[in-house]
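What the coordinates show
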Amino acid sequence: MAAHDHQQGLQKTRTTTTTATTMIPMITASVAGGEVSLVVGGSRAGLVKSRVKTIVGAGGVAVVLNVGSQWKQLVAEFGDESGVHLLDRDFQLRDLTTLGRAVTAKVVDRVFVNLPLEEDHKVKYIYEQCVRLRIPINTFHRPEYSTFNMIPTYVDPKGSGLQIAVTTNGNGYLLANRIKREIVSHLPANISEVVTNMGALKDRIINEDMKVLLKERYLATDLASPAVGYGLDEDGWESHKFNRLIHEFDMTEREQREKRVRWLSQVMEYYPLTKLADVTMETLEGHSHTARTQQSSKQQSSTDSLQQAQDSNSTTDSNVGNHVDKKPKISPDPKASETKKGSISLVGSGPGSLSMLTLGALNEIKTADVILTDKLVPQTVLDIIPKDTETFTARKFPGNAERAQEELLEKGLEYLSQGKKVVRLKQGDPYIFGRGGEEYNFFNAHGYEPSVLPGLSSALAATVVSKIPATQRAVADQVLICTGTGRKGALPEVPEYVKTRTTVFLMALHRVDVLVKVLLEKEWDPEVLVAVVERASCPDQRITRTKLKYLPAVVEEIGSRPPGLLVIGQAAGVLLPESSVSFNDSNKYHIDEGYRAFELDVNQLIPA
């Protein structure tokens, strides 16, 4: 009975699939090395040549037949090509099962058909046989006789491995080509070097670090670590674990070895795209790593008054969620007072969109000698930094946050002692989980009182861009901003549940399962609405709405697009139709993609 029901279910699935009118094809990147593709027909010589070049370029073998009058032209073009076999005859049914590889019992790997309309009966016959044999088939301009189609693709001519494919799923091939060209035209000029360099670093780290783990009998799945993105399934890495907590001063030997892998993945995600071509292993590890480690150890036992003052004003870091316990003690250059004295400002850059950057912040960026920035400052903001302005990005990666913060402070003092105008550029607002207070105290103690420019905090801007009124009459009468990662990475004390409150959790997505468990233990309503707001106000913004009880499973399913935050409360759905915020076990979440920023030319406000 069970088997019968199963067969009925399969039949129902097949029927549904074949009759659906809104199917979205599953796009894959085929590894065609050594595979045999059969090309049938030559009514369009240009198309046959294109198909053959694509097959051979992918490392496959092209068997071409039934080309008629195009025979001589194809022989002249491919006669000496080892990966091309030209057969001057018509198609025969046995070709499907005799021209392939030995490993596939001579069955060909795929078929391309390019026959004239008058041979439509033959096209249908070939298609039906391919379906029976489960051979992928593409018939030019005949989707009804195709199980796959070719997509207009940009292939990096410099051989970096970059490919960009665009499809409109039959709604306009020329349009897909145009969209592809538009995308390619906006790539950085050094994109080939970027891809090549990232690949080289990844391979080196895999070979040096991950092989050691395998030798120590760790599971082979370590090579598919969520932080690695290793292999061909570039869409399948578990990005919800992207910022998994690492205790910097209590790392296991295994975590030490995984560290560079995680750093590289964060560099790929956060660093300015154009600068990825210049990233080296030293960039990942930091210069004089051993010396700084020793320095950190000595500073840990320091009890001077400056240290005590900094401890009393400590906060967490909105970028990595770690606490600064040790500060470098560097005295300003005594000669600096005899010349020009440097100045420093702590500047909030807002959540991402240039339309949310204050005029004061823009002026500071345009007039700085040096900019010290965090990896989370959005690319749109980094792009307006004048090209001749020196920029340093903090190397705040998991397990390296404290040393990276020390390095950033050292850099600041170094530039200040040279009389330069230093801008410490921070995402959001400097004083909302941004270590702004710590940095103010540090530079002030060294004789440089910072100017502080507020920025739009993502904690509040994210609610607006996701259609959430943080306060709404009869719905929410208070707002609470919390961190999901406290001192030394510990989960902070969570607040009690208040039905009329909108609660925002920053730095929580990487440990959302732990947070939700504690919230439910504290009797938070499992049915309360939650919005996961990622990359707020950036073009790739993503808003995911669900219920608190579903949140861990949803994050695991959809992955993570850092930086992100959580907005919890009934206000998360008050501006939306009930149908879009009604969730159950079979419909756990709803996603809204993208953000269109207000058009803004900053150069019209303050010339470069």
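Computed from a prediction, not measured in an experiment: that's the story for all the values here. (Residues numbered from 1 in each chain as written. Predicted model: local features only at pLDDT ≥ 70, side-chain atom pairs only at ≥ 80, totals over all residues. Heavy atoms only, no water.)

1. Digging into the overall build of the protein
Note the cut-off: Only DSSP runs of H or I covering at least 4 residues are called helices, and only runs of E covering at least 2 are called strands; the numbering of each starts at the N terminus. Categorising residues by exposure relies on relative accessible area from a 1.4 Å probe, with only protein chains included: less than 20% of the type maximum marks a residue as buried, more than 50% marks it as exposed, and the intermediate range marks it as partly exposed. Here, residues are in contact when the closest pair of their heavy atoms is within 4.5 Å. Surface accessibility in these figures is a Shrake-Rupley result with a 1.4 Å probe; residues are shielded only by whichever protein chains are displayed.
Helices and strands together make up the secondary structure of the protein, namely 19 helices and 18 strands. Evaluated residue by residue, the protein yields a buried proportion of 48% over its 608 residues. In the protein, the share of contacts with a sequence separation of at least 24, taken over all contacts with a separation of at least 6, comes to 69%. Surface accessibility of the protein: about 30,700 Å² in total, with carbon and sulfur atoms responsible for 52%.

2. Re the packing of aromatic side chains
This is how the line gets drawn: Only the six-membered ring of Trp is used, alongside the rings of Phe and Tyr, when aromatic pairs are assigned; centres must lie within 6.5 Å, and planes under 30 degrees apart are stacked while those over 60 apart are edge-to-face, with the rest tilted.
Under the definition given, this model contains five aromatic pairs. Taking the centre distance of 5.5 Å and the plane angle of 80 degrees together, the rings of Phe112 and Phe148 count as edge-to-face. Of this pair, Phe112 sits in strand E4 (residues 110–113) while Phe148 sits in the loop between strand E5 (137–139) and strand E6 (153–155); the two residues are 36 residues apart in sequence, bridging distant segments of the chain. With centroids separated by 5.2 Å and ring planes inclined at 80 degrees, the aromatic side chains of Phe442 and Phe443 adopt a geometry described as edge-to-face. Among the residues examined, Phe442 registers a relative accessible area of 0% and is labelled buried. The exposure class assigned to Phe443 is buried, which follows from its relative accessible area of 1%. Among the aromatic side chains, those forming a connected cluster through ring pairs are Tyr497, Phe505 and Trp524.

3. Focus on the sheet that holds strand E14 (residues 501–506)
This is how it is decided: The pairing criterion for strands is at least two bridges between them, as found by DSSP. Lines are fitted to the C-alpha atoms to define the axes, a helix being fitted only along its stretch in contact, and any angle between axes, read from their N-to-C directions, falls within 0 to 180 degrees.
Taken in spatial order, the six strands of this open sheet run E13-E14-E17-E15-E16-E18, and their pairing is mixed. Looking at the sheet topology across the chains shown, the edges are occupied by strand E13 (478–483) and strand E18 (590–593). Along the sheet, successive strands turn relative to each other by an average axial angle of 20 degrees, direction set aside. Here strand E15 (residues 529–534) pairs with strand E16 (residues 542–547) via six bridges, running antiparallel. The residue bridging Val533 from the neighbouring strand is Ile543, located in E16. Each of E13, E14, E15 and strand E17 (564–568) is contacted by helix H16 (residues 458–465), which is oriented at about 70 degrees to E17, the strand it contacts most.

4. Here's the deal with the packing of helix H2 (residues 45–57) against helix H3 (residues 71–78)
Relative placement of two packed helices is described by the angle separating their axes and the distance separating the axes. Note the following rule: The scheme is simple: roughly parallel for angles under 35 degrees, roughly antiparallel for over 145, roughly perpendicular for 65 to 115, oblique for anything else. Handedness of each helix crossing follows the sense of rotation of the near helix against the far helix: counterclockwise by less than a right angle gives left-handed, clockwise gives right-handed.
Contact pair H2 / H3: the axes reach a minimum separation of 11 Å and the direction vectors enclose 30 degrees. One element, H2, and the other, H3, form an angle in the roughly parallel class. As H2 runs across H3, the sense of the crossing is right-handed. Across the interface between the two elements, Ala45, Val48, Lys49, Val52 and Lys53 from H2 touch Gln73, Leu74, Glu77 and Phe78 from H3.

5. What to know about the pairing of E16
With six of its six residues buried, E16 lies for the most part within the structure. The side-chain alternation of E16 yields two buried faces, one formed by Arg542, Thr544 and Thr546 and the other by Ile543, Arg545 and Lys547. Strand direction decides the pairing type here: E16 and E18, joined by four bridges, are antiparallel. Within the sheet, the bridge partner assigned to Arg542 lies in E18 and is Glu593.

6. A few points about helix H5 (residues 120–133)
Worth spelling out the cut-off: By definition here, a helix of n residues has an expected span of 1.5 Å times n minus one.
Its 14 residues give H5 an end-to-end C-alpha distance of 20 Å, which sits within 8% of 20 Å, the value for a rise of 1.5 Å per residue. Where H5 is buried, its residues touch strand E1 (36–40), helix H4 (95–98), E4 and E5. Just past H5, the residue Arg134 takes up positive phi, approximately 60 degrees.

7. Some remarks on unusual backbone geometry
Residue Pro563 is reached from Pro562 by a cis peptide bond, and omega for that bond is 0 degrees. Inspection of the secondary structure puts Pro563 in the loop between helix H18 (551–558) and E17. The phi torsion at Ala105 lies on the positive side, around 60 degrees, for a residue other than glycine. Inspection of the secondary structure puts Ala105 in the loop between H4 and E4.

8. Examining the sheet that holds strand E2 (residues 61–65)
Reading across the sheet, the five strands line up as E3-E2-E1-E4-E5 and stay open at both edges, with parallel pairing between neighbours. Looking along the sheet, the strands with just one partner apiece sit at the ends: strand E3 (84–87) and E5. Across the sheet, the axes of successive neighbouring strands diverge by a mean angle of 15 degrees, strand direction being ignored. Both E1 and E2 contribute to a ladder of five bridges, which runs parallel. Each bridged residue has a counterpart across the sheet, and for Ser37 the counterpart in E2 is Ala62. Relative to E3, H3 is tilted by about 160 degrees, and along the sheet it contacts E2 and E3.

9. Comments concerning the pattern of salt bridges
The line we're drawing: Salt bridge criterion: a side-chain nitrogen from Lys or Arg within 4 Å of a carboxyl oxygen from Asp or Glu.
Inspection of the entire model under this criterion finds 22 salt bridges. Between Glu439 and Lys426 there is a salt bridge; the shortest N-O distance is 3.3 Å. Pair noted here: Glu439 is in helix H15 (residues 436–445) and Lys426 is in strand E11 (residues 421–426), with a separation of 13 residues, a long-range link. A single burial state applies to Glu439 and to Lys426, both of which are buried. In this structure, Arg545 and Asp592 form a salt bridge, with 3.6 Å as the shortest nitrogen-oxygen distance. Of the two residues, Arg545 is situated in strand E16 and Asp592 in strand E18; the sequence distance between them amounts to 47 residues.

10. Here we look at the environment of Met356
Tracing the sequence through the fold places Met356 in the loop between strand E8 (343–348) and helix H12 (359–367). For the pair Met356 and Ala461, spaced 105 residues apart in sequence, the C-alpha to C-alpha distance is 8.7 Å. Setting aside chain neighbours within four positions, we find Met356 in contact with Gly350, Pro351, Leu456, Ala461, Val465, Ser537 and Tyr595.

11. Some points on the confidence of the model for the protein
The test is simple: What pLDDT conveys is the predictor's confidence in a given residue, as a value from 0 to 100.
Of the residues in the protein, 76% reach a pLDDT of 70 or more, and the chain-wide mean stands at 80. Below a pLDDT of 50 lies the segment residues 1–21, which in the model reaches one contact outside its immediate sequence neighbourhood of four places, other chains included. Taken together, the stretch residues 287–332 has pLDDT below 50 and engages in 105 contacts with residues farther than four places along the chain or on a different chain.

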